[in-house]
Structures are given as structure tokens and as C-alpha cells.
Amino acid sequence: MKILRMSSLSLFLILGLGCKEAKKEAGEAMEEMEEAVEVVKEEVMVETIAFKMEPKSDSNVAGEVEFTEKDGKVIMKASFSGLTPGEHAIHIHEKADCSSADGTSTGGHWNPTSEPHGKWGASEGYHRGDIGNFTADSEGNATVEFTTDLWCLSCEDETKNITGKAVIVHQGVDDFVSQPSGAAGARVSCTGIIK
Ligand SMILES: [Cu+2]
Ligand SMILES: [Zn+2]
């Protein structure tokens with residue numbers, strides 16, 4: 001399920017600086033400069049898209065994940081319930097298709113740069129979907145926050161565009177070593193990132 005939130009920031013640009021200099025030169029020139037001064041108001045839209053995570057593989061893992069694109073970065077904020085306490089892997093998988101009962105319809109890890117699976121930021125390489133692990137508390141609840149400039153929402157660059165992909169939470173822990181997906185076990189929660 002998709003929830004769309006829009007908010008706007010107002011950016012004011014003031015053009016036509018440098019009038020002091022012109023004043024010294026001549027009054028006539030100053031008048032021209034004043035005419036050239038205008039205030040341009042530009043609306044910058046900040047868009048947040050949010051999705052409900054649905055339980056998979058007979059789990060009770062539900063939650064919500066939202067993505068906001070701002071200043072060339074994507075901020076992901078997620079919250080989950082119904083997890084087993086302890087560590088779980090979370091990844092972006094390659095297809096926004098949660099139709100199968102075990103979540104395998106989302107395909108493998110999203111890997112637009114054809115690198116090995118790994119830990120985010122590792123010099124040996126990593127998938128652009130390799131978000132990593134997070135910890136659920138003793139009640140089975142967890143929150144995840146992740147920010148990167150290597151993603152975008154619906155931009156032209158297919159090495160960055162996460163729209164059309166899926167978010168998957170796993171029962172197990174990503175070991176960052178096993179290929180091609182870190183041996184994180186069953187897929188227990190899923191959503192498609194759809195614009
Ligand atoms: Cu995964
Ligand atoms: Zn991976």
C-alpha cells in the first residue's frame with residue numbers, strides 16, 4: 001500500500017546584487033540596476049513515499065517504510081513489529097513484486113553495478129541494495145534509519161533509482177560474505193517501492 005505525502009520548502013533567490021558599485025558610477029546606471037533587481041520565488045517539492053510492509057513466509061512481521069529524497073540524498077525510515085528479538089537483515093531486492101508467499105518473487109538483491117554481495121561501503125564492493133542488519137528489541141520491534149546519496153527516487157540513473165524495487169526483511173542475519181545474498185534466511189516481510 002502506498003501513502004503519498006508532499007511538503008514544500010520555499011527558496012528565495014535575490015538577483016541583481018552589486019548595486020553599490022553602480023551607484024558610484026552614475027545615477028542613471030543605478031536606475032537601470034534597480035529595474036533589474038527582482039525576487040524570484042521557487043517552490044522546491046520534497047516528496048515522501050511510504051509503504052506498508054506485509055508479512056511473508058508465515059511470519060507476523062509488519063511495518064512501514066518511507067523514503068524521502070532531499071538535497072541529492074534518499075532518507076529511508078522504517079519501523080517493524082512482530083520480529084524475533086535480535087538481528088535481522090534488510091535489503092533492496094530487484095523487483096517490486098511481493099506476490100509470492102515466501103517473497104522470492106522480488107528476485108535477488110538489487111545490484112545495478114554488478115558487484116559482489118557485501119557490507120555497505122566495503123572496498124571489496126557491495127550491492128546497492130545491501131542495507132545491512134538491524135536489531136529488534138525484546139518485544140520484536142525495531143526502527144531502521146538509512147541515508148545515502150547512491151539512491152534516488154524515479155531519476156534517470158538506473159544505478160541509483162530504487163523505484164520499481166522491493167524492500168525485504170529477513171529472518172536471519174546478513175554475514176556480508178556469503179554469495180550472492182549474505183545467507184540471511186527466509187524473507188519475512190516485503191513491500192514494493194512503487195511511484
Ligand atoms: Cu534480502
Ligand atoms: Zn547483496
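Residues numbered from 1 in each chain as written. Chains lettered and ligands numbered in written order. Predicted model: local features only at pLDDT ≥ 70, side-chain atom pairs only at ≥ 80, totals over all residues. Heavy atoms only, no water.

1. Considering the packing of aromatic side chains
Line of reasoning, step 1. Under the counting rule described, the total for this entry stands at 6 aromatic pairs.
Line of reasoning, step 2. When the ring of Trp-120 is compared with that of Trp-151, the centres are 6.2 Å apart and the planes differ by 85 degrees; the resulting orientation is edge-to-face. With Trp-120 in the loop between strand S5 (86-93) and strand S6 (132-136) and Trp-151 in the loop between strand S7 (142-148) and strand S8 (166-170), the pair connects residues that are 31 residues apart, well separated along the chain.
Line of reasoning, step 3. You can call Trp-120 partly exposed: its relative accessible area is 23%.
Line of reasoning, step 4. Note on Trp-151: relative accessible area 0%, which makes it buried.
Line of reasoning, step 5. Put simply, the rings of Phe-67, Trp-120, Tyr-126, Phe-146 and Trp-151 touch in pairs and so form one group of aromatic residues.
Line of reasoning, step 6. A cation over an aromatic ring shows up here: Arg-128 above the ring of Tyr-126, its NZ or CZ 5.0 Å from the ring centre. (Phe/Tyr/Trp six-rings, centres within 6.5 Å; stacked < 30°, edge-to-face > 60°. Helix = DSSP H or I, 4+ residues; strand = E, 2+ residues; numbered from the N terminus. Buried < 20%, exposed > 50% of the residue type's maximum accessible area, 1.4 Å probe, protein only. Lys NZ or Arg CZ within 6 Å of the ring centre and 35° of its normal.)

2. A word on the nonpolar core
Line of reasoning, step 1. Formed by 27 residues in total, the largest nonpolar core has its most connected members in Phe-67, Met-76, Phe-80 and Trp-151.
Line of reasoning, step 2. Counting only elements with at least two residues in this core, the list comes to strand S2 (39-55), strand S3 (62-70), strand S4 (73-81), S5, S6, S7 and S8.
Line of reasoning, step 3. In terms of residue count, the dominant contributor to this core is S4 (4 residues).
Line of reasoning, step 4. Beyond its immediate sequence surroundings of up to four residues, Phe-67 is in contact with Glu-47, Thr-48, Ile-49, Phe-51, Val-74, Ile-75, Met-76, Trp-151, Leu-153, Ile-162, Val-167 and Ile-193. (Core = buried A, V, L, I, M, F, W, Y, C linked by side-chain atoms within 4.5 Å. Contact = heavy atoms within 4.5 Å.)

3. A look at the coordination of the copper ion (ligand 1)
Line of reasoning, step 1. Listed as protein donors to the copper ion (ligand 1) are His-91 (ND1), His-93 (NE2) and His-170 (NE2); their distances from the metal cover 2.0 Å.
Line of reasoning, step 2. Mapped onto the sequence, the residues coordinating the copper ion (ligand 1) show the spacing H-x1-H-x76-H. Residue His-91 is found in strand S5, and its partner His-170 is found in strand S8; the two are separated by 79 residues along the sequence. Of the two residues examined, His-91 and His-170, each falls in the buried class. (Donors = N, O, S within 2.8 Å, 3.2 Å for Na, K, Ca; no water.)

4. Topic: the state of the cysteines
Line of reasoning, step 1. Inspection of every chain in the model, using the stated rule, returns 2 disulfides.
Line of reasoning, step 2. Shown here is the disulfide that connects Cys-152 with Cys-155, its sulfur atoms set 1.9 Å apart. Between Cys-152 and Cys-155 the disulfide shows an S-S torsion of about -70 degrees. By sign, it is left-handed.
Line of reasoning, step 3. Taking relative accessible area as the criterion, Cys-152 reaches 3% and is therefore assigned buried.
Line of reasoning, step 4. Listing the disulfide partners of the protein by sequence rank of the bonded cysteines yields 1-4, 2-3. (Disulfide = S-S within 2.5 Å.)

5. Concerning the coordination of the zinc ion (ligand 2)
Line of reasoning, step 1. Coordination of the zinc ion (ligand 2) by the protein is provided by His-109 (ND1), His-117 (ND1), His-127 (ND1) and Asp-130 (OD), with metal-donor distances spanning 1.9 to 2.1 Å.
Line of reasoning, step 2. Taken in chain order, the donor set of the zinc ion (ligand 2) reads H-x7-H-x9-H-x2-D.
Line of reasoning, step 3. The class of Asp-130 is buried, set by a relative accessible area of 0%.

6. Remarks on the pairing of strand S9 (residues 187-192)
Line of reasoning, step 1. Taking burial as the measure, the 6 residues of S9 include 6 buried ones, the bulk of the element.
Line of reasoning, step 2. Examined bridge by bridge, S8 and S9 share 5 bridges and lie antiparallel to one another. Following the sheet pairing, Ile-168 is matched in S9 by Cys-190. (Pairing = 2+ DSSP bridges.)

7. Observations concerning the side chain of Thr-163
Line of reasoning, step 1. Mapped onto the elements of the fold, Thr-163 is located in the loop between S7 and S8.
Line of reasoning, step 2. Apart from the residues lying within four places of it in its own chain, the contact partners of Thr-163 are Leu-153, Ser-154, Ile-193, Ile-194 and Lys-195.

8. Regarding unusual backbone geometry
Line of reasoning, step 1. Cis rather than trans, the peptide bond between Gln-179 and Pro-180 has omega equal to 5 degrees.
Line of reasoning, step 2. Topologically, Pro-180 is positioned in the loop between S8 and S9.
Line of reasoning, step 3. A positive phi angle, close to 50 degrees, is found at Asp-71, a residue other than glycine.
Line of reasoning, step 4. Turning to its location among the elements, Asp-71 is positioned in the loop between S3 and S4.

9. Focus on the pattern of salt bridges
Line of reasoning, step 1. For the coordinates displayed, the defined rule picks out 4 salt bridges.
Line of reasoning, step 2. Across the salt bridge formed by Lys-195 and Glu-47, the nearest N and O atoms sit 3.3 Å from each other. Taken together, the residues span a long stretch of sequence, with Lys-195 in the segment after S9 and Glu-47 in strand S2 at a distance of 148 residues.
Line of reasoning, step 3. Residue classification places Lys-195 among the partly exposed residues on the basis of a relative accessible area of 41%.
Line of reasoning, step 4. We classify Glu-47 as partly exposed; its relative accessible area is 22%.
Line of reasoning, step 5. We note a salt bridge from Glu-54 to Lys-56, for which the minimum N-O separation is 3.7 Å. (Salt bridge = Lys/Arg side-chain N within 4 Å of Asp/Glu carboxyl O.)

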